[in-house]
Amino acid sequence: MNHWQRELVASAIFVITYILISGRQLKILPLNRPAAALLGAVLMIATGVVAPERAYRAVNYDTLVLLLGMMLISAYLYLAHFFEWAAELVLNFSRTPQRLLLYVTLTSGILSALLVNDTICLMLTPLVVAVIRRGKLPLLPYLIALATSANIGSVATLVGNPQNMIIGHFSRISFPEFSRALLPAAIVGLAINFFILRLGFRKMLRETRIDRSAYAVPKLDRGLFGLVCVVFVSIFAGFVAGFNLAWTAMTGALLVMVLAGRDTHDPSRLLGLRALRNSHHGFNDHCWRNGAAFFALRRLTIPPNEIGKESLRCAAMGRGHCDVVNGFKPPLLRRGSLRHRASIYNKRDPVLR
């Protein structure tokens, strides 16, 4: 097969795979997104476009280790009820729906720069839904703000998203140098994002008021939260000092696991780590769809008892930005864990029942 034939075959396989991934499950070939991506990968090898050895080399294990380390840190923050505490704090400090939109934008962007944006979307979406429902506000502006801000804010650091991790690994660029170059772009992007959302939803936001009914929030586990914060600061100090990103993050994550005194099955169940063993970055889990846009296109009058599952389904489909080809989507998006978390939030929040 000459060069042009290889290009033609590769393009045809890409288009077929893209259609299977972008569309809902087709009746003629009922494959979900990971299965469709795997089919495309196998076809690339079977037709000789990519040699098996080259496919193996496409798996970047430093990225997987770094991603796993940051996901574990996020999981322990979740177990400490940090995200619930932060969501409630944002609601309490917001006097108007417009200011709440600003705080959601900043919270999502900043946390995504410090942690992996996929994890932030997954863990914050049900909390934002619960907070917005309690405040009797429209869901759409805030979910879009959460999703788009997570994508924009994540560009600021090498650990914000898996794509940045790969760039850092191959370019050998230092953590401070990368952030100096892209932090201004992230700040400007978040500002533009906020003003576009505020302008686009100005009428909806102007016609609503925040309902501040009392609600019981799980108490922040200060001990676990303090431990994670100390380790988290140490991890970023190691990043700035030029230590290996992947193993610095993993060392910190394992330190938290050892010192937290918690059953290590808890973060494993939360993140679906069993499935992580079967994930190959850059090769098997590509082209996840826009979660917030999908939520927007579905009927907006979702029954209260379905909202937890619906919002989690949106988070599972992607970070919600305009990129259709999104890169690695870790198996923390497994359906079982999503159903479990949806049931948790439906039990916690009477508004969601």
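Each value, and the rule that gives it
- Note on numbering: residues in each chain are counted from 1, in written sequence order.
- Reporting of local features is limited, given that this is a predicted model, to residues whose pLDDT is at least 70; pairs of side-chain atoms are given and counted only at 80 or more, and all residues count toward the totals for whole chains, interfaces and linings.
- As a rule here, side-chain values come from all non-hydrogen atoms in the structure, and water together with hydrogens is ignored.
- Each helix is a run of H or I in the DSSP string that is no shorter than four residues. Each strand is a run of E no shorter than two, and both are numbered from the N terminus.
- Burial classes: relative accessible area under 20% of the type maximum marks a residue as buried, over 50% as exposed, and values in between as partly exposed (1.4 Å probe, protein chains only).
- Here the Shrake-Rupley method, with its probe set to 1.4 Å, supplies the accessible areas, and only the displayed protein chains count as covering residues.
- As used in this record, nonpolar core signifies buried Ala, Val, Leu, Ile, Met, Phe, Trp, Tyr and Cys residues forming a set joined through side-chain atoms within 4.5 Å.
- The contact criterion used throughout is that any non-hydrogen atoms of two residues lie within 4.5 Å.
- The term salt bridge refers to a pairing of a side-chain nitrogen on Lys or Arg with a carboxyl oxygen on Asp or Glu at a separation within 4 Å.
- The convention used is that axes are lines fitted to C-alpha atoms, helices contributing only their stretch in contact, and that angles between N-to-C directions extend from 0 to 180 degrees.
- Whether a crossing is left-handed or right-handed is set by the direction in which the near helix is turned from the far one by less than a right angle, anticlockwise for left-handed and clockwise for right-handed.
- Amino acid classes used here: Ala, Val, Leu, Ile, Met, Phe, Trp, Tyr, Cys and Pro are nonpolar; Asp, Glu, Lys and Arg are charged; the rest, including Gly, are polar.

K.L.:
Go over the overall build of the protein with me, naming the residues and quoting the values.
P.N.:
Within the protein, the secondary structure is distributed over 18 helices and 0 strands. Within the protein, buried positions represent 52% of all 353 residues. Carbon and sulfur atoms form 64% of the exposed surface of the protein, whose accessible area is close to 17100 Å².

K.L.:
Explain the nonpolar core to me, using residue names and the numbers behind them.
P.N.:
Counting 72 residues, the largest nonpolar core has Leu-66, Met-70, Ile-73, Phe-83, Leu-100, Tyr-142 and Phe-239 as its most contacted members. Ranked by the residues each element gives to this core, the list is headed by helix α4 (residues 61-79), at 13 residues. In contact with Ile-73, other than residues within four places in its own chain, are Leu-115, Val-228, Val-231, Phe-232, Ile-235, Gly-252, Ala-253 and Val-256. In terms of nonpolar packing, the next biggest core, distinct from the first, is built from 6 residues, Ala-10, Ile-13, Val-50 and Ala-55 among them.

K.L.:
Could you give an account of the pattern of salt bridges, naming the residues involved and the relevant values?
P.N.:
For the coordinates displayed, the defined rule picks out 1 salt bridge. Ionic pairing is found between Asp-221 and Arg-262, a salt bridge with its closest N-O pair at 2.7 Å. Linking Asp-221 in the loop between α11 (202-206) and α12 (222-241) with Arg-262 in the loop between α13 (245-259) and α14 (265-271), this pair joins segments that are 41 residues apart in sequence. Relative accessible area serves as the criterion here: at 26%, Asp-221 is assigned to the partly exposed category. In this structure Arg-262 comes out as partly exposed when scored by relative accessible area, which is 28%.

K.L.:
How would you explain the packing of α4 against α13 if you had to name every residue and give the values?
P.N.:
Interaxial distance between α4 and α13 falls to 8 Å at its minimum, and their mutual angle equals 30 degrees. You can see that α4 and α13 cross each other, and the crossing is left-handed. Side by side, α4 and α13 meet where Asp-62, Val-65, Leu-66, Leu-68, Gly-69, Met-70, Leu-72, Ile-73 and Tyr-76 of the first sit next to Leu-245, Ala-246, Trp-247, Ala-249, Met-250, Gly-252, Ala-253, Val-256 and Met-257 of the second. Split into classes, the residues belonging to the contact of α4 with α13 amount to 15 nonpolar, 2 polar and 1 charged.

K.L.:
So what's going on with the environment of Arg-134? Which residues, and what values?
P.N.:
By secondary structure assignment, the location of Arg-134 is in helix α7 (residues 117-134). In this structure the C-alpha to C-alpha distance between Arg-134 and Asp-211, which are 77 residues apart in sequence, comes to 6.9 Å.

None of this, on its own, says anything about what the molecule does.
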